[in-house]
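For reference, the chains in residue letters:
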Amino acid sequence: MALFGMARTVVGNFFSRPATRRYPSPQREPHVTPRSRGKLEIDIAACIFCGACAKRCPTAALVVTRAEREWSIDRLRCCTCNACVEVCPKKCLAMSPRPPAPTVTKDKEAFRQPPAGGMG
Ligand code: SF4
Ligand code: SF4
């Protein structure tokens, strides 16, 4: 009886579509809801480099360098806990619901404020 059940499963799997898909292609649209936590975004123009976000970050994903007016993130460390968004006094951090693109490097993503009076 057990053999018959197993044979039915084997035959069923033989004629059905695979339960998994090849990665990274074809890609599936990520399941996103308005409350999904995907990717941390910064409005660098509004940042005052106070460092509160970096101090609160539980995974040390953020580095803020006031002298160089630079804010950087190691996206592989970020666990999208949202703590930095909640602590930022200028509300210049936001959690986008869409996840970041896959990466194969460990590079940090850096954002810099142009010097006062500078362009871009
Ligand atoms: S907490 Fe906000 S204002 Fe302060 S350094 Fe972080 S992003 Fe900039
Ligand atoms: S969302 Fe959490 S883990 Fe990611 S940078 Fe902000 S505080 Fe750090």
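See above for the structure.
These numbers come from a predicted model, not from an experiment.

**A look at the site of ligand 1**
The immediate surroundings of ligand 1 are formed by 15 residues, with Cys47, Cys50, Gly51, Cys53 and Cys88 found nearest. Split into classes, the residues belonging to the shell around ligand 1 amount to 13 nonpolar, one polar and one charged.

**Examining the sheet that holds strand 2 (residues 62-65)**
If you walk across this open sheet you meet the three strands as 2-3-5, and the pairing is antiparallel. The open sheet is flanked by strand 2 and strand 5 (109-112), the only strands paired with a single partner. Across the sheet, the axes of successive neighbouring strands diverge by a mean angle of 15°, strand direction being ignored.

**Details of the site of ligand 2**
Near ligand 2 there are 13 residues, and of these Cys57, Cys78, Cys81, Asn82 and Cys84 occur at the shortest range. Class assignment of the residues belonging to the shell around ligand 2 gives a composition of ten nonpolar, three polar and no charged.

**A short note on the packing of aromatic side chains**
Scanning the model with the defined rule gives two aromatic pairs in all. With a centroid separation of 5.2 Å and an interplanar angle of 90°, the aromatic rings of Phe14 and Phe15 are classed as edge-to-face. The two residues Phe14 and Phe15 agree in class, both being exposed.

**As for the nonpolar core**
Counting residues in each nonpolar core, the largest one holds 17 residues, and the members touching the most others are Leu40, Leu62, Trp71, Cys84 and Leu93. Secondary structure elements with two or more residues in this core: strand 1 (39-42), strand 3 (70-73), helix 3 (83-87) and strand 4 (93-96). Contacts of Cys84, omitting those with residues within four sequence positions, involve Leu40, Cys53, Leu62 and Leu93.

**Focus on the environment of Ala46**
Mapped onto the secondary structure, Ala46 falls in the loop between strand 1 and helix 2 (52-56). Along the backbone, Ala46 and Glu86 are 40 residues apart, and their C-alpha atoms lie at a distance of 15 Å. In this structure Ala46 touches Lys90, Cys92 and Gln113, once residues within four positions along its chain are discounted.

**Quick notes on a nonpolar patch on the surface**
A cluster of nonpolar side chains, contributed by Leu3, Met6 and Val10, occupies part of the molecular surface with about 330 Å² of accessible area. When you line up the elements, Leu3 lands in helix 1 (residues 2-15).

Basis of the calculations
- Residues numbered from 1 in each chain as written.
- Chains lettered and ligands numbered in written order.
- Predicted model: local features only at pLDDT ≥ 70, side-chain atom pairs only at ≥ 80, totals over all residues.
- Heavy atoms only, no water.
- Near = heavy atom within 4 Å.
- Nonpolar A, V, L, I, M, F, W, Y, C, P; charged D, E, K, R; others polar.
- Pairing = 2+ DSSP bridges.
- Helix = DSSP H or I, 4+ residues; strand = E, 2+ residues; numbered from the N terminus.
- Axes fitted to C-alpha atoms, helices over the stretch in contact; angles between N-to-C directions.
- Phe/Tyr/Trp six-rings, centres within 6.5 Å; stacked < 30°, edge-to-face > 60°.
- Buried < 20%, exposed > 50% of the residue type's maximum accessible area, 1.4 Å probe, protein only.
- Core = buried A, V, L, I, M, F, W, Y, C linked by side-chain atoms within 4.5 Å.
- Contact = heavy atoms within 4.5 Å.
- Patch = residues over 30% accessible without salt bridge, like charges linked within 9 Å, V, L, I, M, F, W, Y side chains within 5 Å.
- Areas by Shrake-Rupley, 256 points an atom, 1.4 Å probe, with all protein chains shown as cover.
- Salt bridge = Lys/Arg side-chain N within 4 Å of Asp/Glu carboxyl O.

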